Structure formats: structure tokens, C-alpha cells
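The primary structure of each chain is shown beneath.
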Amino acid sequence: MNGGTCVAVAGADYCIVAADTRLSTGFSILTREHTKVVTLSDACVLASAGFEGDRKQLHKVLGMRQQVFAHNHGGKPMSCPAMAQMLSNTLYFKRFFPYYTFNLLGGLDKSGKGAVYTYDAIGSYERTGYACQGSGQALIMPVLDNQLKSASPLLVPPVSSATPLAEAQAVDLVKDCFATAGERDIYTGDAVEIVVINRNGVRRETMPLKLD
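Description of the structure in this document. (Residues numbered from 1 in each chain as written. Predicted model: local features only at pLDDT ≥ 70, side-chain atom pairs only at ≥ 80, totals over all residues. Heavy atoms only, no water.)

A word on empty space enclosed by the protein
Right, on to step 1. Taken as a whole and judged by the stated rule, the model has one cavity of 30 Å³ or more.
Right, on to step 2. By volume, the largest cavity amounts to about 40 Å³.
Right, on to step 3. Asn2, Gly3, Leu23, His34, Lys36, Ser48, Ala49, Gly50, Glu52 and Arg55 together form the lining of the largest cavity.
Right, on to step 4. Secondary structure elements with two or more residues in the lining of the largest cavity: strand 6 (44-50) and helix 1 (52-72).
Right, on to step 5. Among the elements that line the lining of the largest cavity, the one with the most residues is strand 6, at three residues.
Right, on to step 6. Split into classes, the residues belonging to the lining of the largest cavity amount to two nonpolar, five polar and three charged. (1 Å grid on protein atoms, 1.4 Å probe; cavity = no way out; pocket = protein on both sides within 12 Å on 5 of 7 lines; lining within 4 Å. Points joined across faces, edges and corners; volume = space filled by probe spheres on them. Helix = DSSP H or I, 4+ residues; strand = E, 2+ residues; numbered from the N terminus. Nonpolar A, V, L, I, M, F, W, Y, C, P; charged D, E, K, R; others polar.)

Okay, structure coming up:
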């Protein structure tokens, strides 16, 4: 386990995926500038916490399969819901010797609405309005529940789980969450990398956190 925390929030027309940049083992910090976020397409971003070796292998496999799909479909990238299903299949295929990673997939669906998919290690997944994975999950999820609590996905007729917050407000909330977790979790810190997906494309920004 190499620590780290990932957060994703879906809005009406945007999605935010964020992760800290610390890579550590035990009480040793291996690097302070390590990204846990990979852009799979113009409308889909994946963040992973857990074991670094499995994370790199998983991201490599997903990137390869995305390229194969594009070649087979005239350069058309895979949609975010299709990518979510492919990630689930990839994790489930390895269920007897699983990738020790805990993943958040975020992006825009076919109608341009924000979508967040949260996974366990063997591919069980759910679309939610927000999610958190990693060593800081117990610290951040209560804050997200308090600020963004969304309707149950089991309601009939279905109710959108997207947060009503504006994009800038949601980015500020994510920053506050990581600042709080960085104060209390030794595996989360150094900086937070925030990726915002909207109709204009993918935008990245970084905010420094505590270094100790």
C-alpha cells in the first residue's frame, strides 16, 4: 500500500477528479511529485489509490484498450459510461489475483452531465454524485456527505445525483477537503492535483499542501 487519496465530484455540466501527489511507504516519503490521475480521453479521467505497481499496470492496460477501441472505430474515443464498464470488466477479470487499487472514474456522459464511478478492488462499481478513495477516505467522506448529500440511486423515478454547486464552488470544496486530510493523514500531502472536465475539455491545476 503506497497511500494517497482521490476525490471526484460530478456537477450538472462538469466533473472534478483530484488526488494528492505524495507516494509513500510506511513512514518514508518516496516522492512528493507523483501523479495518481490519468486522462483516458477528452471526457474521461481516472484516479487510483493503493499499490503503485498495480496502479501503473492498470492505467497502462486501460490506455492500451482505449487506443484499440479508437483504431477500430475510426478514431472515435470511448464514452465515459463505456469506459466505466470496461474498467469494471478489467478488474473483475483479475479477481483471483486482483489489482490492489481503489479507483474513481470521472467524466461527462453522452448528455454532457458529470458522472462519477466508484469501484472496489474486484470491479463492483456504482455511479454516484461524489466519491472518495484511499487513505484519507474516512476524513473526507463525512465532509462530502454533509455538503453534497445526493438522492439515492434507487429512487423511482430516478433523481439526478449531480451536485447543485457551481464549478468554482466545487473546486474550492475539493481543495478544503484535501487541506483537512493533509493535516491528519500522513499518507496524504505535498500537493493536490485537480482535473476539471467540462464541455471545453480537460483543465488541470495544482494546490500545495503540507509537506510534513
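Next comes the rest of the write-up.
Let's talk about helix 2 (residues 80-93)
Right, on to step 1. End to end, helix 2 covers 20 Å across 14 residues, agreeing with the expected 20 Å (1.5 Å per residue, within 8%).
Right, on to step 2. Of all the residues in helix 2, the buried ones are Cys80, Met83, Ala84, Met86, Leu87, Ser88, Thr90 and Leu91.
Right, on to step 3. Buried-residue contacts for helix 2 involve strand 5 (37-41), strand 6, helix 1, strand 7 (101-108), strand 8 (114-119) and strand 9 (125-128). (Expected span 1.5 Å × (residues − 1). Buried < 20%, exposed > 50% of the residue type's maximum accessible area, 1.4 Å probe, protein only. Contact = heavy atoms within 4.5 Å.)

With respect to helix 3 (residues 137-148)
Right, on to step 1. For helix 3, with 12 residues, the first-to-last C-alpha span of 15 Å sits near the 16 Å given by 1.5 Å per residue.
Right, on to step 2. Ile140, Met141, Leu144 and Leu148 are the residues of helix 3 that are buried. Taken down its axis, helix 3 places every buried residue within 105° of arc, on the same side. Turned more than 90 degrees away from the buried face of helix 3, the exposed residues are Ala138 and Asn146.
Right, on to step 3. Contacts made by the buried residues of helix 3 are with strand 1 (5-10), strand 10 (130-134) and helix 4 (167-184). (Arc of directions from axis to C-beta.)

Considerations on the pairing of strand 11 (residues 191-198)
Right, on to step 1. Burial analysis of strand 11 places eight of its eight residues in the buried class, the great majority of the element.
Right, on to step 2. Burial along strand 11 is two-sided: Ala191, Glu193, Val195 and Ile197 facing one way and Val192, Ile194, Val196 and Asn198 facing the other are all buried.
Right, on to step 3. As judged from the seven bridges shared by strand 2 (residues 14-20) and strand 11, these two strands associate in the antiparallel manner. Each bridged residue has a counterpart across the sheet, and for Tyr14 the counterpart in strand 11 is Asn198. (Pairing = 2+ DSSP bridges.)

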